[in-house]
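# Observations on chain architecture
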Amino acid sequence: MKIYLEDGTNVEFEDNKPAFWHTASHILAQAVKNLYPNISLAIGPAIDGGFYYDFDAEKHFSEEELANIETEMKKIVKAKYKIEKFSLPKEEALELMKNEPYKIELINDLPDGETITFYKQGDFVDLCAGPHLSNTKQVEAFKLLSCAGAYWKGSEKNKMLYRIYGTAFPKKAQLTEHLTALEEAKKRDHNKLGRELKLFTTDESVGQGLPLIMPKGARVIQTLQRWIEDLEEENGYLLTKTPNMAKNDLYKISGHWSHYKDGMFIMGDEEKDDEIIALRPMTCPFQFSIYKQEQHSYRDLPIRYAETATLSRNESSGEMHGLIRVRQFTLADGHIVCTPEQLEEEFKDVVDLIKQIMKTLGIDKDISYRFSKWSPDSKGKYIDNPEAWEHTQSIMKNILDHLQIDYKEAEDEAAFYGPKLDVQFKNVHGKEDTIITVQIDFALAQRFNMTYIDANGEKKIPYIIHRSSIGCYERTLAMLIEKYAGAFPTWLAPVAVKILPLSDKYADYAIEVEKAFHKKHIRVEVDHRAEKLGYKIREARNERIPYIVVVGAEEMQNKTISVRSRQKGEEGAFDLEQFINRVADEIATKYNYHDNITNTFAGK
């Protein structure tokens, strides 16, 4: 599908979606100003899947108001306004935007002497860097999706604005296809589905960003945690257990106090000479303190520490979302202390472990890699040592290239002490999140005076690899809910088998069957309710139970069970022991057949 840009060039829509969606955001802003002249404009960028615009309005836009705005947008599209770019000196730009306080603030943020660009369509003018389409007529198919609160510039210290989200396409068929995909995404959204399946919940009295993991969700996380801890032990990691808080002295040594203080929960008052305690946002300084308890030889290295750590980070309220971004979370955290000669092999082993875990979870084809680097223009964010940054980034790039990892580079996304390899995953709405990081640290070993004795008897500073193997368990749970539409593989399912007795007469046999499953450590439940069998089967299916076992007179007499599975449907009668061994083997091998059945549940 071809579209025309502002300079008249004819290009493919697929390659120029931001320009298309940015134009749609201006059409939205013009419509709002036409209907509500006193509303102030903020910003309206293109985003993944569409666009939004922020408005300083008195209240949330209602469904009726959104419909009226859509009608006004159609008039603007039909008018075929030519979109024109022009520039002004800063003083004239300020005069033009004198009635738009947020535009004034944005202009004042720009350097003196810079020429300010604007775009005009009809009688509507907006501050903008572009690019845009050549005219409004090209935005033939659009839909306003929702309205939500959003703080100006993303800071809760600023005023709450009202953000209208929308999407747009050149043709109605494309819009229809996209809206259908959005509806499917809503059904998979972990924030909705996770609550429906009673995996987690939230409570206002507990607090924002502090999810309550319910028994079924806790069972999934426990299963993952036990697996990861065993897997890490097999890979030579030493388990540690460290405090959830520490004096700020520790964070001052590590540099977190100067680079990360705003993201920490702090108790005490420095002005009153209190002892300052902070909840930990990471485990690295704690594990480094363990390393320092004895002098190590090069023969001791590498030393690999791992810990299932509860961490706390003071995320802004506007960033909170289900299990994806929370204020307290559980991380499979770890650090490897190694010599320069061991660095590449250890990094490779970390990546191999991550790939093994992602493949077992069935998401190895859904991830991407990002090489996150520092930016010399953001010196306040990073340890000030440009030479060390360039050297360490060069090392990491060589390692990534040797491993033939397909990665994208991202400036200004590094940790404050070193570059990162980020493992990225897109949620059902297309937003990309980091699920795992691997970092090469050139600074903290020296800050903590961590040394080893080399072959010549000299003290040397080691390299440190910061890594996770599965990432944050809460975020991983969210990712798996969406990946499988709640239909977890049997080895992960909170309930692998649901037993349904036909009536109370078979309750004792149902309990006997339950105990047989328990002996093989298979998670099982019995539904003793006096409901019709069809109703109980439907409920079990809606709960995404991998196996439904029905027991009645024939099964009790023959010591068998009748099986229905997610994969095959009605499977008929089975010898009890034979079936238990089948399920036990499926769990032990972490067998995953979900590519065949996930779509069945996505449509629920």
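Use the structure listed above.
The structure contained in this document is the topic of the report that follows. (Residues numbered from 1 in each chain as written. Predicted model: local features only at pLDDT ≥ 70, side-chain atom pairs only at ≥ 80, totals over all residues. Heavy atoms only, no water.)

### Some details on the pairing of strand β21 (residues 407-410)
Regular strands place side chains that alternate from one sheet face to the opposite one. In this structure, strand β20 (residues 367-372) lies alongside β21, joined through four bridges in parallel fashion. Bridge pairing in β21 links Phe371 to Glu409. (Pairing = 2+ DSSP bridges. Helix = DSSP H or I, 4+ residues; strand = E, 2+ residues; numbered from the N terminus.)

### Some points on the sheet that holds strand β25 (residues 459-460)
On the basis of which strands lie adjacent, the open sheet formed by three strands has the order β17-β24-β25 and mixed pairing. Lying at the two open borders of the sheet, with one neighbouring strand each, are β17 (296-297) and β25. Pairing of strand β24 (residues 452-453) with β25, which is carried by two bridges, proceeds in the antiparallel orientation. From the neighbouring strand, Ile453 faces β25, where its bridge partner is Lys459.

### What to know about the packing of aromatic side chains
Counted under the stated rule, the structure contains 22 aromatic pairs. Between Phe55 and Phe61, the ring centres sit 5.9 Å apart and the planes meet at 70°, which makes this aromatic pair edge-to-face. The exposure classification of Phe55 matches that of Phe61, with both residues buried. Plain terms: the ring middles of Trp389 and Phe442 are 5.1 Å apart, the flat faces sit at 80° to each other, and that makes the pair edge-to-face. Of this pair, Trp389 sits in helix α12 (residues 386-402) while Phe442 sits in the loop between β23 (432-441) and α13 (444-447), and the two are 53 residues apart along the sequence. Side by side, Trp389 and Phe442 carry an identical accessibility label, which is buried. Here the aromatic cluster, defined as three or more aromatic residues joined through ring pairs, consists of Phe13, Phe20, Trp21 and Phe169. Over the ring of Tyr52 we find Arg163, and its NZ or CZ is 3.8 Å from the ring centre. (Phe/Tyr/Trp six-rings, centres within 6.5 Å; stacked < 30°, edge-to-face > 60°. Buried < 20%, exposed > 50% of the residue type's maximum accessible area, 1.4 Å probe, protein only. Lys NZ or Arg CZ within 6 Å of the ring centre and 35° of its normal.)

### Some words on the sheet that holds strand β30 (residues 560-565)
Spatial strand order, β28-β27-β29-β30-β31: five strands in an open sheet with mixed pairing. This sheet does not close on itself; its edge strands, each paired only once, are β28 (524-526) and β31 (569-575). Along the sheet, successive strands turn relative to each other by an average axial angle of 25°, direction set aside. As judged from the four bridges shared by strand β29 (residues 547-551) and β30, these two strands associate in the antiparallel manner. Paired with Val549 across the bridge in β30 is Val563. Strands in contact with helix α18 (residues 576-588) are β27 (497-501), β29, β30 and β31; relative to β31, the strand with the most contacts, it is inclined by about 120°. (Axes fitted to C-alpha atoms, helices over the stretch in contact; angles between N-to-C directions. Contact = heavy atoms within 4.5 Å.)

### Details of the pairing of β31
Two elements, β30 and β31, share six bridges in a ladder whose sense is antiparallel. Residue Arg564 lies in a different strand from β31, and its bridge partner there is Glu570. Between β30 and β31, which pair antiparallel and follow one another directly, the connecting turn spans three residues.

### Section: the layout of surface pockets
When its volume is computed, the second largest pocket comes out at roughly 1500 Å³. If you go around the second largest pocket, you meet 46 residues; those closest to its centre are Tyr260, Arg313, Glu315, Arg325 and Lys420. Only α9 (256-259), β19 (328-338), β22 (420-426), β23 and β26 (463-472) provide two or more residues apiece to the lining of the second largest pocket. Considering each element in turn, the lining of the second largest pocket owes the most residues, seven residues, to β23. For the lining of the second largest pocket, the per-class residue count stands at 17 nonpolar, 13 polar and 16 charged. (1 Å grid on protein atoms, 1.4 Å probe; cavity = no way out; pocket = protein on both sides within 12 Å on 5 of 7 lines; lining within 4 Å. Points joined across faces, edges and corners; volume = space filled by probe spheres on them. Nonpolar A, V, L, I, M, F, W, Y, C, P; charged D, E, K, R; others polar.)

### Side note on the pattern of salt bridges
Under the counting rule described, the total for this entry stands at 42 salt bridges. Across the pair Lys153 and Glu105 runs a salt bridge, and its minimum N-O distance is 2.8 Å. Linking Lys153 in the loop between β9 (141-151) and β10 (160-169) with Glu105 in helix α4 (residues 101-109), this pair joins segments that are 48 residues apart in sequence. Residue classification places Lys153 among the partly exposed positions, given a relative accessible area of 46%. Glu525 is the salt-bridge partner of Lys498, the closest N and O atoms lying 3.8 Å from each other. In this pair, Lys498 sits in strand β27 while Glu525 sits in strand β28, placing the two residues 27 residues apart along the sequence. The exposure class of Glu525 is partly exposed, given its relative accessible area of 31%. When salt bridges that share partners are traced, they join Lys216, Lys498, Glu525 and Glu543 into one network. (Salt bridge = Lys/Arg side-chain N within 4 Å of Asp/Glu carboxyl O.)

### Comments concerning the nonpolar core
For soluble globular proteins, the rule of thumb is that nonpolar side chains tend to be buried together. In this structure, Leu224, Phe347, Leu361, Val497, Ile499, Phe517 and Ile561 are the most contacted members of the largest nonpolar core, which totals 80 residues. Setting aside anything within four residues of it in sequence, one finds Phe347 in contact with Met396, Ile399, Leu400, Leu403, Leu421, Val438, Ile440 and Ile465. By size, the runner-up hydrophobic cluster in this structure holds 37 residues, among which are Phe13, Ala19, Ala57 and Phe61. (Core = buried A, V, L, I, M, F, W, Y, C linked by side-chain atoms within 4.5 Å.)

### A word on empty space enclosed by the protein
A full pass over the atoms with the stated rule returns two cavities of 30 Å³ or more. Quantified by volume, the largest cavity comes out at close to 110 Å³. Lining the largest cavity are 13 residues, with Gly486, Phe488, Pro494, Glu543 and Arg544 positioned closest to its centre. Here the lining of the largest cavity is built from residues that sort into eight nonpolar, one polar and four charged. Considering only enclosed or pocket space, the second largest cavity measures out at about 50 Å³ in volume. In terms of lining residues, the second largest cavity is bounded by Ile324, Phe425, Asn427, Asp433, Ile435, Arg475, Met479 and Glu482. Residue assignment for the lining of the second largest cavity shows that the elements contributing at least two residues are β23 and α14 (473-484). Considering only residue class, the lining of the second largest cavity consists of four nonpolar, one polar and three charged.

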